[in-house]
Every structure is written in C-alpha cells, then in structure tokens.
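Take a look at the letters that make up each chain.
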Amino acid sequence: LFWRVRTVRFLFGTASAAKAARAGGGGRDERDARRRGTDAAGARPPRLRRRVLPVPAGPTGLRRLAALRHRGFDWNDGLFDVTWSENNEHVLVTCSGDGSLQLWDTARATGPLQVFKEHTQEVYSVDWSQTRGEQLVVSGSWDQTVKLWDPTVGKSLCTFRGHESVIYSTIWSPHIPGCFASSSGDQTLRIWDVKTTGVRIVVPAHQAEILSCDWCKYNENLVVTGAVDCSLRGWDLRNVQQPVFELLGHTYAIRRVKFSPFHASVLASCSYDFTVRFWNFSKPDPLLETVEHHTEFTCGLDLSLQSPTQVADCAWDETIKIYDPVCLTMLA
C-alpha cells in the first residue's frame, strides 16, 4: 500500500550536471544520482494546492489518511529538504536549488511568508532546532557554508565556514542547545556551536562523501554517518579516533540514516541500492531486516515519533510508502 504522489519527483528536484560541476567536488555516485533527476518540473509560480490523497483503507494508520486533506506547495526550483516549526503546527521551512529558503504557513492559501536568499548555490539541508525556547533554523549548501537563521528575522544570523566541499546534511543536537552536526563531500563530520560560530570537532569519518548524519536520541555523544562508500559509522564525540560501530551491507551510496526514537541501539538507512535496512548496532549480527519495495533510488526516510513500529520512506519512483517492518513489530 502506498501513496502515489506525482509531485515527489519535483520535490526531489535536482539541478543540472552543470550545477553539480559548479559545486566543485560532488562525488561520482551522488552526481550521477542527481543527473538522473534532470527531468524535474520546470519553473512554475508559487501556489498552494489542496486535494484529498487517494489512500486506500489498509493497516493501522492508513485508514485515517484517506480522509486527510493534503496541501502541497510549488516552488520554481527543485526542493531538497523540509523542516517543521517546533512551536507552530502550521509553519514549515523548505530549501531549494536556487539557493533560497522558503517560510510557509499551511493555514494560508498563498505563497511563502518569506524567502531567504543568501546561499549562492543549492541549499541541500535544513533543520529546525528541537530545543524549547530556541527558534533557530540551520541550513547547509553546495556553496560549502552553513547558515543560522531566526525565521522572525529577515536575514541570517551568522555563517559557518570550514567545510571544503558540498554540505549534504545539517542536523541539530536533540540534547545540547545551540549545537548541530554537518556532513559533507569533504569526507568529514563536523560539530558546531552557535555561540562560537566555529567548529568544535572535525571527524574524518569516511574516505568518501558523507551524505547523511543523525544524532542518537538517547546518547548526546553518539552521531551516525552514512556515506558513498556504502557504510554506516557511529561516532562517540568524546573520542573520535575510531568509530564505535560500522555497519556494512548496502551496495550503493547511503542517502539517509535515522536513529529510532524508541530504541537506543536501533537505526534505519536507505540507499541508492533501492533498499531500506534496519540495524541494531549492539548485536553481533546487526542487520535486522532489509526492505526492498521501491523500483528507484530510495532517498527519504523517517521513523514515526508516535508509533514505535511505523516507518515512512520515499523514492524516485514517485511513491511514498508507510509500513510496519517485521523487525520493529517484534521489538514493540
């Protein structure tokens, strides 16, 4: 069972090979994947569409979705990431291939509330701080910079420099106020502190582009990275000389990795090998399950914060799938 959403390819919208070349250093696997998306939708004026998703009745959770009203925003360039406000259920931020961030209010059937245009190349990642009382957004770009934003202010608060290639992922620590991680095509994981605007820790985490990173929900010192070398590595930030675990099994670049919000040693990853894999890094045989239900690159993945068994993923085959993998059902 799945949603078939015609705009997903546009939401993954990729830039041309020329833009990838301009970014200066995108690895072969990631660049080839982006090249596959050159059929992204052309320029269209921003607007808000409303329609009911044709979701059939099915397992727990899907029956409810049939009645939900779906709202979708269009932008005139590829959209690479999205993050919800932590204090307003209607507000979200997206980032795009034209170097801008867009602030949207889903309660308004108009264009964006604000557009922030300071990055000089594609903005590939955006995240809203989860720390209460801290309304901060962080963005990472192909221009090799990270920018800090307060959505109530019309310009960025500061710019973080240090990465030597494309920045693929920026994510706030769920534990430490003002602290975030970034991963890059320069093969490093970096930990930053907004109070110093400088890098705190540099981890040469892989000998390949690092496309994703995530912070453990149960351990403020544990961060995982996923890379073009097909490996996942866990890092204890108190001692980064060696990874505390390495997970092997994917056969192509790892596009997204997510820690479980319910199990301290469980995480999930998706890859350009079309699979989603579930792991328990505390086990001698860590691979719990491999799910292969997409026919194209699997690029998006998240584990539900409400249900300990529910997962959503999406791919270039224009489908989003919501399901309960066997391994998580057994852990529940």
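Predicted model, so just to flag it, every value in this text is computed and none were measured.

S.K.: Where do I start with the confidence of the model for the protein chain in this structure?
M.R.: Keep in mind that low pLDDT regions are not for reading the predicted coordinates in detail. Here the protein chain averages 82 in pLDDT, while 77% of its residues score no lower than 70. In this model residues 1-29 is a low-confidence stretch, pLDDT under 50, and it forms 88 contacts with partners more than four residues away in sequence or in other chains. Under a pLDDT of 50 for its full length, residues 35-69 has, in the predicted model, 70 contacts with residues more than four places off or in other chains.

S.K.: Can you walk me through the sheet that holds strand S5 (residues 91-96) in this structure?
M.R.: Think of a sheet as strands paired side by side through backbone hydrogen bonds, with each pair either parallel or antiparallel. An order of S4-S5-S6-S7 is seen for the four strands of this open sheet, with the pairing classed as antiparallel. For this open sheet the edge positions go to strand S4 (79-84) and strand S7 (114-117), each flanked by a neighbour on one side alone. Within this sheet the neighbouring strands show an average axis-to-axis angle of 20°, counted without direction. Note: strand S6 (residues 100-105) against S7, four bridges, orientation antiparallel. Bridge assignment links Gln102 to a residue of S7, and that residue is Val115.

S.K.: Mind showing me how you'd approach the packing of aromatic side chains here?
M.R.: The full count for this structure, using the stated rule, is 16 aromatic pairs. Measuring from centroid to centroid gives 6.2 Å for Trp75 and Trp104, while their planes differ by 90°, and the two rings are edge-to-face. Placement of Trp75 in the loop between strand S3 (69-74) and S4 and of Trp104 in strand S6 is noted, with a sequence separation of 29 residues between them. Each member of the pair Trp75 and Trp104 is classed as buried. Consider the rings of Tyr124 and Trp142, whose centres lie 5.9 Å apart with planes at 70°: the pair is edge-to-face. Linking Tyr124 in strand S8 (residues 123-128) with Trp142 in the loop between strand S9 (137-141) and strand S10 (145-149), this pair joins segments that are 18 residues apart in sequence.

S.K.: Can you help me understand the sheet that holds S8 in this one?
M.R.: As summarised here, the arrangement of the four strands in space is S8-S9-S10-S11, forming an open sheet in which the pairing is antiparallel. At either end of the open sheet lies a strand with only one pairing partner, and these are S8 and strand S11 (158-161). Averaged over all adjacent pairs, the angle separating strand axes in this sheet is 20°, with direction ignored. Relative to S10, S9 is paired through four bridges, and the arrangement is antiparallel.

S.K.: It is not clear to me how the side chain of His294 should be interpreted in this structure. Could you clarify?
M.R.: Within the secondary structure, His294 is located in the loop between strand S23 (287-291) and strand S24 (298-303). According to the relative accessible area criterion, His294 is buried, its value standing at 4%. Side chain to side chain, His294 and Asp313 meet in a polar contact 2.5 Å long. Separated by 3.1 Å, the side chains of His294 and Thr319 make a polar contact.

S.K.: What's the story with the pairing of strand S19 (residues 245-248) in this structure? I'm lost.
M.R.: When a strand is regular, its side chains alternate between the sheet's two faces. Covered by surrounding structure in S19 are Phe245 and Leu247 only, the residues Glu246 and Leu248 on the alternate face being uncovered. Direction of pairing for strand S18 (residues 231-236) relative to S19: antiparallel, over a ladder of four bridges. Each bridged residue has a counterpart across the sheet, and for Arg233 the counterpart in S19 is Glu246.

S.K.: Hey, could you run me through the UniProt feature "repeat: WD" (unreviewed entry) in the protein chain in this one?
M.R.: With numbering aligned to this structure, UniProt lists the feature "repeat: WD" (unreviewed entry) at residues 116-159, 160-196, 203-239 and 247-289. Taken end to end, residues 160-196 is 0% helix and 51% strand, and its two terminal C-alpha atoms sit 10 Å from one another. Helix and strand shares over residues 203-239 are 0% and 51% respectively, and the end C-alpha atoms of the span are 10 Å apart.

S.K.: What am I meant to see in the pairing of S11 here?
M.R.: Burial of S11 is one-sided: the residues Cys158 and Phe160 facing one way are buried, the residues Thr159 and Arg161 facing the other way are not. With four bridges joining them, S10 and S11 adopt antiparallel strand pairing. Within the sheet, the bridge partner assigned to Lys147 lies in S11 and is Thr159.

Cut-offs applied
Residues numbered from 1 in each chain as written. Predicted model: local features only at pLDDT ≥ 70, side-chain atom pairs only at ≥ 80, totals over all residues. Heavy atoms only, no water. pLDDT = per-residue confidence, 0-100. Contact = heavy atoms within 4.5 Å. Pairing = 2+ DSSP bridges. Helix = DSSP H or I, 4+ residues; strand = E, 2+ residues; numbered from the N terminus. Axes fitted to C-alpha atoms, helices over the stretch in contact; angles between N-to-C directions. Phe/Tyr/Trp six-rings, centres within 6.5 Å; stacked < 30°, edge-to-face > 60°. Buried < 20%, exposed > 50% of the residue type's maximum accessible area, 1.4 Å probe, protein only. Polar contact = N/O pair within 3.5 Å; in protein donor to acceptor, adjacent residues only side chain to side chain. UniProt positions renumbered as here; feature names shortened; annotations may be inferred.

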